[in-house]
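Next come the chains, spelled out residue by residue.
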Amino acid sequence: MAPAARFAFLIGLGAILAGAAPLQAQQPRPSAEPCPADGGCKVASGSYRILLPPEAVSGRQGGAIVFFHGYQGTAAEVIADPALVAVARRLGVALIAPEGLGRSWSFPGSPARNRDEFTFVAEMLDDIARRFPVDPHRLMASGFSQGGSMVWYLACRMPTRFAAFAPIAGAFWEPLPESCAGPRPKLIHVHGTSDSTVPLAGRALRQGYRQGDVFKSFAILAPGGCTAGWADAARDAVAGGTALTCRLASGCGGEARLELCLHGGGHVADAAWVERAWRLTMSAEPAPLAAGARLTSP
């Protein structure tokens, strides 16, 4: 895996990377005036940044990857990440980066209590639909670490606002949700078996907070036992490295793709995994071999 294709936002990373300024648009054609460089695009509960593809000048609506940064990360880091930008360019989609208030996300179970994140996301998506040539029916939510957990909660609480979900190294937190809203969404989750920052089984943090178990998170999203046995199979599935070994669920009801991809590495993310998820859930094109994975039987 080429170094240029990998991006990793480790816990505690706070440096803002330099990069292209996000673009603002007016219906029906993009405007040359960007969102304010010092604060991004504003909505009532917060802000976000957006990078439109070159095709947007035609005014034709396209899809978008909405990527949620990790703890202590920023939207500016996401929008400046060269690997993520390259993926968005290849796919011909916009890259959207929500800004976590206090560099954190306030989903249920999180130590942060800064705002109602579901209200914020709804405001952001409504604003994007009004201002930019982005198809509201072709949005994929992805994110890393705490941002990956945010994506799990969106899949649970707002499954119809996105067409697919691709969380990386993050799941539900304790106390786990009792149930999720329907319909069950398309979701591809990637996690490292050697991840000690957000372990597959979760871990206790200070002041009584606890990260949740990935396998229990799958059971909540798709009850009925269709992912039963995944935890046992995962123990011997991956030897090392960051090549993916994936398990595709069956018998969950409906046709929405539900997949768990494991690698032997730690707390890292790769833009190729985001691209693979898009191509498998949002496109009729097959995932490229370079971003592929070994698929085991359910």
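In case you missed it, the structure is sitting above this.
Analysis parameters
Residues numbered from 1 in each chain as written. Predicted model: local features only at pLDDT ≥ 70, side-chain atom pairs only at ≥ 80, totals over all residues. Heavy atoms only, no water. Helix = DSSP H or I, 4+ residues; strand = E, 2+ residues; numbered from the N terminus. Areas by Shrake-Rupley, 256 points an atom, 1.4 Å probe, with all protein chains shown as cover. 1 Å grid on protein atoms, 1.4 Å probe; cavity = no way out; pocket = protein on both sides within 12 Å on 5 of 7 lines; lining within 4 Å. Points joined across faces, edges and corners; volume = space filled by probe spheres on them. Nonpolar A, V, L, I, M, F, W, Y, C, P; charged D, E, K, R; others polar. Contact = heavy atoms within 4.5 Å. Salt bridge = Lys/Arg side-chain N within 4 Å of Asp/Glu carboxyl O. Buried < 20%, exposed > 50% of the residue type's maximum accessible area, 1.4 Å probe, protein only. Phe/Tyr/Trp six-rings, centres within 6.5 Å; stacked < 30°, edge-to-face > 60°. Lys NZ or Arg CZ within 6 Å of the ring centre and 35° of its normal. Pairing = 2+ DSSP bridges. Disulfide = S-S within 2.5 Å.

**Some remarks on the overall build of the protein**
Move 1: Of the regular secondary structure elements, the protein holds seven helices and 12 strands.
Move 2: Roughly 12,300 Å² of accessible area belongs to the protein as shown, and the carbon and sulfur atoms make up 54% of that amount.

**Quick notes on empty space enclosed by the protein**
Move 1: A full pass over the atoms with the stated rule returns one cavity of 30 Å³ or more.
Move 2: Surrounding the largest cavity, Ala 166, Pro 167, Ile 168, Ile 188, Val 190, Trp 273, Val 274 and Ala 277 form its lining.
Move 3: Where the lining of the largest cavity is concerned, the elements lending two or more residues are β7 (164–168), β8 (187–192) and α7 (271–281).
Move 4: Taken together, the residues of the lining of the largest cavity sort by class into eight nonpolar, no polar and no charged.

**What about the environment of Trp 230?**
Move 1: Here Trp 230 is to be found in helix α6 (residues 230–234).
Move 2: The residues touching Trp 230, leaving out its near neighbours within four places in the chain, are Phe 215, Phe 218, Arg 247, Leu 248, Ala 249, Leu 258, Glu 259 and Leu 260.

**Examining the pattern of salt bridges**
Move 1: Tallied over the full model, the rule gives eight salt bridges.
Move 2: Its salt-bridge partner being Arg 161, residue Asp 126 comes within 3.0 Å of it at the nearest N-O pair. Of this pair, Asp 126 sits in helix α3 (residues 117–131) while Arg 161 sits in the loop between α4 (146–157) and β7; the two residues are 35 residues apart in sequence, bridging distant segments of the chain.
Move 3: Given a relative accessible area of 35%, Asp 126 falls into the partly exposed group.
Move 4: Owing to a relative accessible area of 28%, Arg 161 belongs among the partly exposed residues under this scheme.
Move 5: A salt bridge links Arg 276 to Glu 259; the shortest N-O distance between them is 2.7 Å. A residue pair is termed long-range when its members are at least 10 positions apart, and Arg 276 in helix α7 and Glu 259 in strand β10 (residues 258–263) qualify at 17 residues.
Move 6: One network of salt bridges, with partners in common, ties together Arg 90, Glu 275 and Arg 279.

**Re the packing of aromatic side chains**
Move 1: All chains considered together, the criterion is met by eight aromatic pairs.
Move 2: Geometrically, the ring pair formed by Trp 152 and Phe 172 is edge-to-face, given 5.2 Å between the ring centres and 70 degrees between the ring planes. Taken together, the residues span a long stretch of sequence, with Trp 152 in helix α4 and Phe 172 in the loop between β7 and β8 at a distance of 20 residues.
Move 3: According to the relative accessible area criterion, Trp 152 is buried, its value standing at 0%.
Move 4: A network of ring pairs unites the aromatic residues Phe 107, Trp 152, Tyr 153, Phe 172, Trp 173, Phe 218 and Trp 230 as a single cluster.
Move 5: Over the aromatic face of Phe 120 sits the side chain of Arg 115, whose NZ or CZ is 3.8 Å from the ring centroid.

**Quick word on the pairing of strand β4 (residues 62–68)**
Move 1: Buried residues dominate β4, accounting for seven of its seven residues.
Move 2: Sheet topology places β4 next to strand β6 (residues 134–144); six bridges connect them, and they run parallel. If you follow Ile 65 over to β6, its bridge partner there is Met 140.
Move 3: Of the strand pairs in this sheet, β4 and strand β5 (residues 94–98) are connected by three bridges, and their pairing is parallel. Its bridge partner lying in β5, Ala 64 is registered against Ala 94.

**Focus on the state of the cysteines**
Move 1: Evaluation of the coordinates by the stated rule reveals three disulfides.
Move 2: Paired by a disulfide, Cys 226 and Cys 252 hold their sulfur atoms 2.0 Å apart. Taking the sign of the S-S torsion, 100 degrees for the link of Cys 226 and Cys 252, the bridge is right-handed. With Cys 226 in the loop between α5 (214–221) and α6 and Cys 252 in the loop between β9 (245–248) and β10, the pair connects residues that are 26 residues apart, well separated along the chain.
Move 3: Using a relative accessible area of 12% as the deciding quantity, one classes Cys 226 as buried.

**Some points on the layout of surface pockets**
Move 1: Reported here for the largest pocket is a volume of approximately 440 Å³.
Move 2: Around the largest pocket, the lining is made up of 18 residues, and of these Tyr 71, Pro 111, Trp 173, Leu 205 and Arg 206 lie nearest the centre.
Move 3: Counted by class, the lining of the largest pocket contains eight nonpolar, eight polar and two charged residues.
Move 4: Computed from the structure, the second largest pocket encloses a volume of approximately 260 Å³.
Move 5: Taken together, 20 residues make up the lining of the second largest pocket; nearest its centre are Gly 62, Gly 63, Leu 91, Gly 92 and Val 93.
Move 6: The set of elements that each furnish at least two residues to the lining of the second largest pocket consists of β4, α2 (82–91), β6 and α7.
Move 7: Its residues assigned to classes, the lining of the second largest pocket comprises nine nonpolar, five polar and six charged.

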